[in-house]
Amino acid sequence: CFVSARRTTAGTATMPSNVQGYKEADQHEKAYQKQDAIFIGKKRVIGKPKRGKGFRFWKSVGLGFKTPKTAIEGTYVDKKCPFTGNVSIRGRILKAMVISAKMNRTIIVRRDYLRYVSKYRRFEKRHKNMAVHSSPCFENVKPGDVVTVGQCRPIAKTVRFNVLAHEPATNAALNVKKAFRMF
């Protein structure tokens, strides 16, 4: 007795067509992308269907940060997103400038700070570069933009922060690699 699954020409399984109101997630990976918190195999509804309850999981991270509209209405799937995934923000909240956005869903930010040297009774400028996870709900993050990041559990070998807010750059002519900016 063989169990047959509906398959497309590419060899990936398709969604059941009888689910009302379900909008399939963007499929860019080899594995089928779906949110863990949503059960999409519902066969039938007993009673009146509920209005307003969609098939997308999203949450508020708290701490005064609004959930972006693209996270609520989007179709992306990102388990490391603080708004639609399984990541909680705790610990430090920092502002930093984006240096590089060449990686997939990861950006490099530069954090500038001052260090006091007691011998000379003066401050010296220092900086650190950090790898930060950038959710797909923040579109068009470019070098020079200012982002607010929040600390979370380790997501990858070097990634421990997540983007919470994005402010586009006001001065595009600024050299992002070397400019010292305190926030």
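Residues numbered from 1 in each chain as written. Predicted model: local features only at pLDDT ≥ 70, side-chain atom pairs only at ≥ 80, totals over all residues. Heavy atoms only, no water.

Chemist: Before we go on, may I ask you to explain the nonpolar core in this structure?
Modeler: In globular proteins that are soluble, nonpolar side chains generally tend to be buried together. With 27 residues, the main nonpolar core has Ile107, Val109, Val132 and Val149 as its most contacted residues. Tallying contributions element by element places strand S5 (residues 159-167) first for this core, with 4 residues. Among all residues touching valine 132, those that are not within four sequence positions of it are Arg105, Thr106, Ile107, Val109, Val149, Val159, Phe161, Asn162 and Val163. (Core = buried A, V, L, I, M, F, W, Y, C linked by side-chain atoms within 4.5 Å. Buried < 20%, exposed > 50% of the residue type's maximum accessible area, 1.4 Å probe, protein only. Helix = DSSP H or I, 4+ residues; strand = E, 2+ residues; numbered from the N terminus. Contact = heavy atoms within 4.5 Å.)

Chemist: Help me understand the sheet that holds strand S2 (residues 106-117), please; the structure alone is not making it clear to me.
Modeler: Backbone-to-backbone hydrogen bonds join strands into a sheet, with any given pair of strands oriented parallel or antiparallel. Spatially, 5 strands are ordered S1-S2-S3-S5-S4 in a closed barrel, and the strand pairing comes out mixed. Taken over all neighbouring pairs, the strand axes of this sheet differ in orientation by 50 degrees on average, direction set aside. Strand direction decides the pairing type here: strand S3 (residues 122-133) and S5, joined by 3 bridges, are parallel. Following the sheet pairing, valine 132 is matched in S5 by phenylalanine 161. (Pairing = 2+ DSSP bridges. Axes fitted to C-alpha atoms, helices over the stretch in contact; angles between N-to-C directions.)

Chemist: Help me out: how do you make sense of the side chain of aspartate 112 in this one?
Modeler: You can see aspartate 112 is positioned in strand S2. In this structure the side chain of aspartate 112 is engaged in a polar contact, spanning 2.8 Å, whose partner is the side chain of arginine 110. A distance of 2.9 Å separates a polar side-chain atom of aspartate 112 from the backbone nitrogen of arginine 181. When neighbours within four sequence positions are excluded, aspartate 112 is seen to be in contact with Arg126, His127, Ala179, Phe180, Arg181 and Met182. (Polar contact = N/O pair within 3.5 Å; in protein donor to acceptor, adjacent residues only side chain to side chain.)

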